[in-house]
Amino acid sequence: MRHPSLRLTPSRMLGAVVIVLAVLALLVWVPNDTVSGYVQSKRGRVSIGDAMAPGLAFGLMALSGALILWETRKSDAPGQPDPRGPAFLAVMLGICVVALTVMIWAGPLAVALFAPDETYRNLRDAAPWKHIGFALGGTGLVTALVCLVEHRFSRLALLIGLATVAVLIGVFDLAFDDLLLPPNGDQ
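Summary of the structure given here. Please read these numbers as outputs of a predicted model, since none were measured by experiment.

1. Things to note about the overall build of the protein chain
Piece 1. Check the secondary structure of the protein chain and you find 6 helices and 2 strands.
Piece 2. Listed N to C, the secondary structure of the protein chain is α-β-β-α-α-α-α-α in terms of helices and strands.
Piece 3. Of the contacts formed within the protein chain by residues at least 6 apart in sequence, a portion of 55% connects residues at least 24 apart.
Piece 4. Entry remark: accessible area of the protein chain is about 13,000 Å², with carbon and sulfur atoms responsible for 70%.

Next comes the structure, spelled out in structure tokens:
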């Protein structure tokens, strides 16, 4: 007879799949898709390499999978699946699609409306143009997801969204001169 803690539940499968995907990405995708490693040194100057950001992201993904596995050890009896789960997932996916669409198109649309003689490609690394899509899409994403979980809109959710985006801009854009905020690297 199998021990109850070894039972394969949906949460354990999710944790295992997340870890496997993160490890595969770290071992296959990141090394084959980046020019430099995690840290690069040119003429005695050490700087962050191309692989650092995706490496950290996939490392956090692996940690998340491990935390899911760690938490599933507490529950011996599998619970009944929530029939509202697929609808919640669909709404969450819709929020992500809309937010990413806003993130991609808000900057170019703002340039077309307010600086028609320029192209977004020329301005994608100049303030405030480089922040428009990231700020609107990111704030909308975080705010909408908080509101979804809380089942209501609140000013606090909006403040959390604004603060999250401000911190990310501060950490990534202000700290690194040669790093483009998403989605500017693809424009």
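2. Quick look at the packing of helix α3 (residues 85-114) against helix α5 (residues 129-150)
Piece 1. Contact geometry of α3 with α5 gives a least axis separation of 8 Å together with a crossing angle of 160°. In terms of axis orientation, α3 runs roughly antiparallel to α5. For the pair α3 and α5, the crossing hand works out as right-handed.
Piece 2. When its residues are assigned to classes, the contact of α3 with α5 shows 20 nonpolar, 4 polar and no charged.

3. Section: the packing of aromatic side chains
Piece 1. Evaluated as defined, the whole model comprises 1 aromatic pair.
Piece 2. Between tryptophan 29 and phenylalanine 58, the aromatic rings sit 5.4 Å apart at their centres with planes inclined by 50°, giving tilted as the arrangement. One end of the pair, tryptophan 29, is in helix α1 (residues 10-33); the other, phenylalanine 58, is in helix α2 (residues 52-72), with 29 residues separating them in the sequence.
Piece 3. A residue is classified by how much of its surface remains accessible, and tryptophan 29, at 49% relative accessible area, is partly exposed.

4. Some words on α5
Turn by turn, an α-helix covers 3.6 residues, leaving residues three or four places apart pointing in a common direction.
Piece 1. With 22 residues, α5 should reach 32 Å at 1.5 Å per residue; the first-to-last C-alpha distance of 32 Å fits that figure.
Piece 2. Residues of α5 that are buried include every one of Trp129, Lys130, His131, Gly133, Phe134, Gly137, Gly138, Thr139, Thr143, Val146, Cys147 and Leu148, and no others.
Piece 3. Along its buried surface, α5 packs onto α3, α4 (120-123) and α6 (155-174).

5. What about the pairing of strand β2 (residues 45-48)?
Piece 1. As paired elements, strand β1 (residues 39-42) and β2 share 4 bridges and run antiparallel to each other. Within β2, the position partnered with glutamine 40 by the bridge is serine 47.

6. What to know about a nonpolar patch on the surface
Piece 1. Together, Val17, Val20, Leu21, Val23, Leu24, Leu27 and Val28 give the surface a local cluster of nonpolar side chains, amounting to about 610 Å² of exposed area.
Piece 2. The class for valine 28 is partly exposed, based on a relative accessible area of 44%.

7. Describing the environment of glycine 65
Piece 1. Assignment of secondary structure puts glycine 65 in helix α2.
Piece 2. Judged by its relative accessible area of 0%, glycine 65 falls in the buried class.
Piece 3. Put simply, glycine 65 and valine 17 are 48 residues apart on the chain and 7.7 Å apart in space, counted from C-alpha to C-alpha.
Piece 4. Residue contacts for glycine 65: discarding those within four places in its chain leaves Gly15, Val18 and Ile19.

8. Quick word on the side chain of histidine 131
Piece 1. In this fold, histidine 131 is placed in helix α5.
Piece 2. Of the residues examined, histidine 131 reaches a relative accessible area of 19% and is grouped as buried.

9. Focus: the nonpolar core
Piece 1. Ranked by size, the top nonpolar core spans 6 residues in total: Ala110, Val111, Ala115, Tyr120, Leu123 and Trp129.
Piece 2. The set of elements that each furnish at least two residues to this core consists of α3 and α4.
Piece 3. Excluding anything up to four places from it in sequence, alanine 115 contacts Ala110, Leu123 and Trp129.
Piece 4. Judged by nonpolar contacts, the second largest core, of 5 residues, contains Met103, Val165, Ile169 and Leu181.

10. Describing the environment of glycine 107
Piece 1. Among the secondary structure elements, glycine 107 is positioned in helix α3.
Piece 2. Considering only alpha carbons, one finds glycine 107 and tryptophan 129, 22 residues apart in sequence, at a separation of 5.9 Å.
Piece 3. Non-local contacts of glycine 107, meaning those with residues more than four positions away in its chain, are made with Tyr120, Trp129, Ile132 and Gly133.

The rules behind these values
- Residues numbered from 1 in each chain as written.
- Predicted model: local features only at pLDDT ≥ 70, side-chain atom pairs only at ≥ 80, totals over all residues.
- Heavy atoms only, no water.
- Helix = DSSP H or I, 4+ residues; strand = E, 2+ residues; numbered from the N terminus.
- Contact = heavy atoms within 4.5 Å.
- Areas by Shrake-Rupley, 256 points an atom, 1.4 Å probe, with all protein chains shown as cover.
- Axes fitted to C-alpha atoms, helices over the stretch in contact; angles between N-to-C directions.
- Parallel < 35°, antiparallel > 145°, perpendicular 65-115°, else oblique.
- Left-handed = near helix turned anticlockwise from the far one by under 90°.
- Nonpolar A, V, L, I, M, F, W, Y, C, P; charged D, E, K, R; others polar.
- Phe/Tyr/Trp six-rings, centres within 6.5 Å; stacked < 30°, edge-to-face > 60°.
- Buried < 20%, exposed > 50% of the residue type's maximum accessible area, 1.4 Å probe, protein only.
- Expected span 1.5 Å × (residues − 1).
- Pairing = 2+ DSSP bridges.
- Patch = residues over 30% accessible without salt bridge, like charges linked within 9 Å, V, L, I, M, F, W, Y side chains within 5 Å.
- Salt bridge = Lys/Arg side-chain N within 4 Å of Asp/Glu carboxyl O.
- Core = buried A, V, L, I, M, F, W, Y, C linked by side-chain atoms within 4.5 Å.

Any functional reading would require information beyond the geometric quantities listed.
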